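# Coordinate analysis (summary)
If you want the building blocks of each chain, they are given just below.
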Amino acid sequence: FEEENPDIIVETQSIAFAEIKKQLTIGAAARQLPDVTLCDTVDNASFAAAGGAIDITDEVNAWGEIDNFFDAPRKSAMYNDRYYGLPYYSNCLAIMYNKDIFDEMGIPYPTSDWTWEDFVEVAKQTTTPEHFGLTMSLCRSEEGTFNVLPFIWQAGADWNTLDTPEAAKALTMINDLYQGGYMSKELISMTQADMCAAFFATGKSAMMVAGSWLNTNIQNENPDLNYGVVTFANGDANAASCIGGGNIMMLKDDHKEASWRLMQYLSSPENSLYYNEECGYISPRADVVEMSELWTTDPILSVYAKQLADAMPRGPHPRWPEISNAIQAAFQSVLSGNATVEDALSTAAETIKGIE
């Protein structure tokens, strides 16, 4: 970038991804912020609402490239129909399955046209004393919301319509599989990395609601595992997945023109291709996905790239952590037997109405 822009010097600082939000909050209080930063997709709206991110809508529209991005990553960078960031890398959820278990039991592999009824039946069929049919993170954290919310979408509800029959159908399905012994009771406190290592990667689960990044974990730690991946089953509404990943946003306009040039450079087709391929992510640009065999022919990541086209952002909402916490409280109270599905969702809906 500096070779192509000799009038600009870029100073970089590396911070663990999990620490970025905290460091930016501290920096805002001390008025010591970087010009450009990476942020979690779900945090972009909160920085915009708080006045921390710079509105770059005019620059984005003049750039003329934003229509090349997948819809969900693009929406994650918006607040009140204005752009406050650019999608940088993407991931999403789909269903991984253990081919050896399916082969041993004589069960056909799931395909992209399967339904919720098929999904539930396969989870039950593949549950034996040796392995569970399904694994998914149900912990009290954003990871739990990330795993549960797609099923709420697939049923035809959303975070702001939890007190509906559609949302109840989704949570009932999850709870029935959990209480029926088709999932491990340990999942109520497990992250995705934990559940993958404990169950799926060791052959103790036939299927797993899995983030695309877990593909790298498995290849590094369990390279002999014989597995595949399929898009979510079609619910009453769709087969939507959650989008994850990171956006780049501008925090100061002291060097706005130079910062924007850097953001454009990082988001160019060439650099989006290079960065996301090297890191094992999926480019948020649909045009770039078509440029790479990794996302068009790889048996694992090509399915995730297809799922990304049907993904949705969480929110976007400036108070998403509070909304997410209400969702977590709902499914955890049901799974632990402390509330009915209807009561838990009604409580969550009331809490969220107070947040909006």
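Please read these numbers as outputs of a predicted model, since none were measured by experiment.

### Let's talk about helix H8 (residues 165–179)
Between its terminal C-alpha atoms H8 stretches 20 Å, which fits the 21 Å expected from 15 residues at 1.5 Å a residue. Taken from the residues just after H8, glycine 181 is the one with a positive phi, measuring 85°.

### Focus on the environment of serine 267
Relative to the helices and strands, serine 267 resides in the loop between helix H11 (256–266) and helix H12 (269–279). Under the relative-accessibility criterion, serine 267 is labelled buried at 3%. The contact partners of serine 267, leaving out residues within four places of it in the chain, are Trp63, Phe69, Leu86, Pro87, Ile248, Ser272 and Arg285. Within polar-contact distance, the side chain of serine 267 engages the backbone oxygen of methionine 263 at 3.0 Å.

### A closer look at the pattern of salt bridges
Summed over the entire model, instances satisfying the criterion amount to 15 salt bridges. For arginine 285, the salt bridge is made with glutamate 65, and the minimal N-O distance between the two is 2.5 Å. With arginine 285 in the loop between H12 and helix H13 (286–289) and glutamate 65 in the loop between helix H3 (57–63) and helix H4 (71–76), this pair connects stretches of sequence that are 220 residues apart. By relative accessible area, arginine 285 is classed as buried at 0%. The exposure class assigned to glutamate 65 is partly exposed, which follows from its relative accessible area of 23%. Taken together, the shared-partner salt bridges in this structure form one network comprising Asp7, Glu257 and Arg261.

### As for unusual backbone geometry
Most peptide bonds are trans, and most residues other than glycine sit at a negative phi. With omega at -15°, the peptide bond leading from glycine 315 into proline 316 counts as cis. Although it is not a glycine, asparagine 80 sits at a positive phi angle of roughly 50°. Counting through the fold element by element, asparagine 80 comes out in the loop between strand E2 (78–79) and strand E3 (82–83). The exposure class assigned to asparagine 80 is exposed, which follows from its relative accessible area of 59%. For aspartate 81, which is not glycine, the phi torsion reads 65° and is therefore positive. Among the secondary structure elements, aspartate 81 is positioned in the loop between E2 and E3.

### Details of the environment of aspartate 118
Residue position: aspartate 118 is located in helix H6 (residues 116–125). Residues aspartate 118 and alanine 233, 115 residues apart in the sequence, show an inter-C-alpha distance of 7.7 Å.

### Digging into the packing of H8 against helix H16 (residues 320–335)
Between H8 and H16, the least distance of the axes is 10 Å, while the angle of their chain directions is 40°. In terms of orientation, H8 and H16 fall into the oblique class. For the pair H8 and H16, the crossing hand works out as right-handed. On H16, the residues touching Leu171, Asn175, Tyr178 and Gln179 of H8 are Ala330, Phe331, Val334 and Leu335. Split into classes, the residues belonging to the contact of H8 with H16 amount to six nonpolar, two polar and no charged.

### Some details on a negative patch on the surface
A surface patch of like charges, here negative, comprises Asp113, Glu117, Asp118 and Glu121. Structurally, glutamate 117 is set in helix H6.

### Observations regarding H16
The α-helix advances 3.6 residues per turn, and as a result positions three or four apart in sequence lie on the same side. Here H16 contains 16 residues, and its C-alpha end-to-end distance of 22 Å stays within 8% of the 22 Å for a straight helix at 1.5 Å per residue. Here H16 lies mainly inside the structure; 12 of its 16 residues are buried. If you check which residues of H16 are buried, you get Trp320, Ile323, Ser324, Ala326, Ile327, Gln328, Ala330, Phe331, Gln332, Ser333, Val334 and Leu335. Close packing links the buried residues of H16 with helix H7 (142–155), H8 and helix H17 (341–355).

### Let's talk about the packing of aromatic side chains
If you walk through the whole model with that rule in mind, you get 20 aromatic pairs. With centroids separated by 6.1 Å and ring planes inclined at 55°, the aromatic side chains of tryptophan 63 and phenylalanine 69 adopt a geometry described as tilted. Note on tyrosine 89 and tyrosine 281: the rings are 4.1 Å apart at their centroids and 25° apart in plane angle, and the pair reads as stacked. Of this pair, tyrosine 89 sits in strand E4 (residues 86–98) while tyrosine 281 sits in the loop between H12 and H13, and the two are 192 residues apart along the sequence. The class for tyrosine 89 is buried, based on a relative accessible area of 6%. The class of tyrosine 281 is partly exposed, set by a relative accessible area of 22%.

### Quick notes on the nonpolar core
Generally speaking, nonpolar side chains in soluble globular proteins are found buried as a group. Formed by 91 residues in total, the largest nonpolar core has its most connected members in Met96, Phe119, Leu138, Phe151, Met207 and Tyr304. With sequence-adjacent residues up to four places away left out, methionine 207 is seen in contact with Ile95, Met96, Tyr97, Phe102, Trp114, Phe119, Val122, Ala123, Gly133, Leu134, Thr135 and Phe200. In terms of nonpolar packing, the next biggest core, distinct from the first, is built from 15 residues, Tyr83, Leu86, Ile248 and Met263 among them.

### So, the environment of glutamate 186
Within the element layout of this structure, glutamate 186 appears in the loop between H8 and helix H9 (192–200). On the accessibility criterion, glutamate 186 (48% relative accessible area) is partly exposed. Placed 43 residues apart in sequence, glutamate 186 and glutamate 143 show a C-alpha to C-alpha distance of 15 Å.

What counts, and at which threshold
Residues numbered from 1 in each chain as written. Predicted model: local features only at pLDDT ≥ 70, side-chain atom pairs only at ≥ 80, totals over all residues. Heavy atoms only, no water. Helix = DSSP H or I, 4+ residues; strand = E, 2+ residues; numbered from the N terminus. Expected span 1.5 Å × (residues − 1). Buried < 20%, exposed > 50% of the residue type's maximum accessible area, 1.4 Å probe, protein only. Contact = heavy atoms within 4.5 Å. Polar contact = N/O pair within 3.5 Å; in protein donor to acceptor, adjacent residues only side chain to side chain. Salt bridge = Lys/Arg side-chain N within 4 Å of Asp/Glu carboxyl O. Axes fitted to C-alpha atoms, helices over the stretch in contact; angles between N-to-C directions. Parallel < 35°, antiparallel > 145°, perpendicular 65-115°, else oblique. Left-handed = near helix turned anticlockwise from the far one by under 90°. Nonpolar A, V, L, I, M, F, W, Y, C, P; charged D, E, K, R; others polar. Patch = residues over 30% accessible without salt bridge, like charges linked within 9 Å, V, L, I, M, F, W, Y side chains within 5 Å. Areas by Shrake-Rupley, 256 points an atom, 1.4 Å probe, with all protein chains shown as cover. Lys, Arg positive; Asp, Glu negative; His and termini not counted. Charge placed at Lys NZ, Arg CZ, Asp CG, Glu CD. Phe/Tyr/Trp six-rings, centres within 6.5 Å; stacked < 30°, edge-to-face > 60°. Core = buried A, V, L, I, M, F, W, Y, C linked by side-chain atoms within 4.5 Å.

All we've got here are geometric facts, nothing functional implied.
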